[in-house]
Amino acid sequence: MKEWLVVDGYNVINSWQDFRKFREENLEHARELLKEKLAEYIAFKGYSGIVVFDAQEVQGVASFEKNGALEIVFTNDFFSGNGGETADSWIERRVYDLVKSGSSVFVVTSDYAEQLNVLGSGAYRISAREFREEYLLTKKQIAQRSERLARGLGRNELGGR
């Protein structure tokens, strides 16, 4: 069964203190940093991932990018003449489709109404705070695995096997 991590991008950027400085100075840099963190996390966990950014913060038409197993979505803004859509409504629609197809879906958002919709669709919810703790734990696991691999690449002795 395929596992998905779907992230409300601005919800995480506005919730984590890690992004506070970047958010105030350069929102694009904060988005790039979040995308890097998510790409690393899902690669280690073996998930497919989607991060969705509201068009309210970036004017223009909807866009879609792919970075490995991470899909990056910018929804339509309300001023583009294409109807406009919030990240929440996009996430709700996509989560419903993924769950219906038999996937396990974990949605990262601290928006209470969004959490209720996600749970109603059969997905799992993770608050931005909980996800930060999970992310930091995963970073430690990545470092430990890298350290073990680095030690194993040193001397190739029979006793080390």
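Quick look at the structure, then. (Residues numbered from 1 in each chain as written. Predicted model: local features only at pLDDT ≥ 70, side-chain atom pairs only at ≥ 80, totals over all residues. Heavy atoms only, no water.)

1. Some remarks on helix α3 (residues 27-45)
Logical step 1: For α3, which comprises 19 residues, the first-to-last C-alpha distance of 27 Å matches the rise-based estimate of 27 Å (1.5 Å per residue) to within 8%.
Logical step 2: Among the residues of α3, Ala30, Arg31, Leu34, Lys35, Lys37, Leu38, Ala39, Tyr41 and Ile42 are the ones counted as buried.
Logical step 3: Two or three places before Glu28, at the opening of α3, Asn26 has a side-chain oxygen 3.1 Å from that residue's backbone nitrogen.
Logical step 4: Of the residues trailing α3, Gly46 is marked for its positive phi of about 80°. (Helix = DSSP H or I, 4+ residues; strand = E, 2+ residues; numbered from the N terminus. Expected span 1.5 Å × (residues − 1). Buried < 20%, exposed > 50% of the residue type's maximum accessible area, 1.4 Å probe, protein only. Polar contact = N/O pair within 3.5 Å; in protein donor to acceptor, adjacent residues only side chain to side chain.)

2. Examining the packing of aromatic side chains
Logical step 1: Scanning the model with the defined rule gives nine aromatic pairs in all.
Logical step 2: When the ring of Trp16 is compared with that of Phe19, the centres are 5.6 Å apart and the planes differ by 20°; the resulting orientation is stacked. For the pair Trp16 and Phe19, a shared accessibility class is recorded, and that class is buried.
Logical step 3: Here the aromatic cluster, defined as three or more aromatic residues joined through ring pairs, consists of Trp16, Phe19, Tyr41, Tyr47, Phe106, Tyr124, Phe131 and Tyr135. (Phe/Tyr/Trp six-rings, centres within 6.5 Å; stacked < 30°, edge-to-face > 60°.)

3. A closer look at the pattern of salt bridges
Between side chains of opposite charge, a pair can form as their charged atoms come close.
Logical step 1: Applying the stated criterion to the full structure yields 10 salt bridges.
Logical step 2: For Lys35, the salt bridge is made with Glu65, and the minimal N-O distance between the two is 3.7 Å. Of this pair, Lys35 sits in helix α3 while Glu65 sits in strand β3 (residues 63-67), and the two are 30 residues apart along the sequence.
Logical step 3: The salt bridge involving Arg93 is made with Glu85; its shortest N-O contact spans 2.6 Å.
Logical step 4: For Glu85, a relative accessible area of 21% translates into the label partly exposed.
Logical step 5: Residues joined in a network through salt bridges with shared partners are Asp18, Arg132 and Glu133. (Salt bridge = Lys/Arg side-chain N within 4 Å of Asp/Glu carboxyl O.)

4. Details of the side chain of Glu114
Logical step 1: Checked against the element boundaries, Glu114 lands in helix α5 (residues 112-121).
Logical step 2: No salt bridge forms around the buried Glu114; measuring N to O, its nearest opposite-charge neighbour Arg93 is 11 Å away.
Logical step 3: When neighbours within four sequence positions are excluded, Glu114 is seen to be in contact with Asp88, Ile91, Glu92 and Thr109. (Lys, Arg positive; Asp, Glu negative; His and termini not counted. Contact = heavy atoms within 4.5 Å.)

5. Here's the deal with the sheet that holds strand β4 (residues 70-74)
Logical step 1: Strand order in the open sheet formed by six strands is β3-β4-β2-β1-β5-β6, and the pairing between neighbours is mixed. One side of each edge strand has no neighbouring strand; the edge strands of this open sheet are β3 and β6 (124-126). The mean inter-strand angle of the sheet, taken between neighbouring strand axes irrespective of direction, is 20°.
Logical step 2: Bridge count between β3 and β4: five bridges; the pairing is antiparallel. (Pairing = 2+ DSSP bridges. Axes fitted to C-alpha atoms, helices over the stretch in contact; angles between N-to-C directions.)

6. Examining the pairing of β4
Logical step 1: When you tally the buried positions in β4, you get five out of five residues, the bulk of the element.
Logical step 2: Side chains Leu70, Ile72 and Phe74 of β4 all project onto a buried face; the interleaved residues Glu71 and Val73 project onto the opposite face, where all are buried too.
Logical step 3: What sits between the antiparallel neighbours β3 and β4 is a turn of two residues, in which Gly68 has the positive phi angle 65°.

7. Looking at α5
Logical step 1: Those residues of α5 lying buried are Glu114, Gln115 and Val118. Along the axis of α5, the buried positions cluster into a sector of 100°, meaning they face one direction only. Structural note: α5 exposes Tyr112 and Gly120 on the side pointing more than 90 degrees away from its buried face.
Logical step 2: Looking at the buried residues of α5, the elements they touch are α4 (87-100), β5 (104-108) and β6.
Logical step 3: N-capping of α5 is provided by Asp111, with a side-chain oxygen placed 3.0 Å from the backbone N of Ala113. (Arc of directions from axis to C-beta.)

Scope: geometric values only; no functional claims are made or implied.
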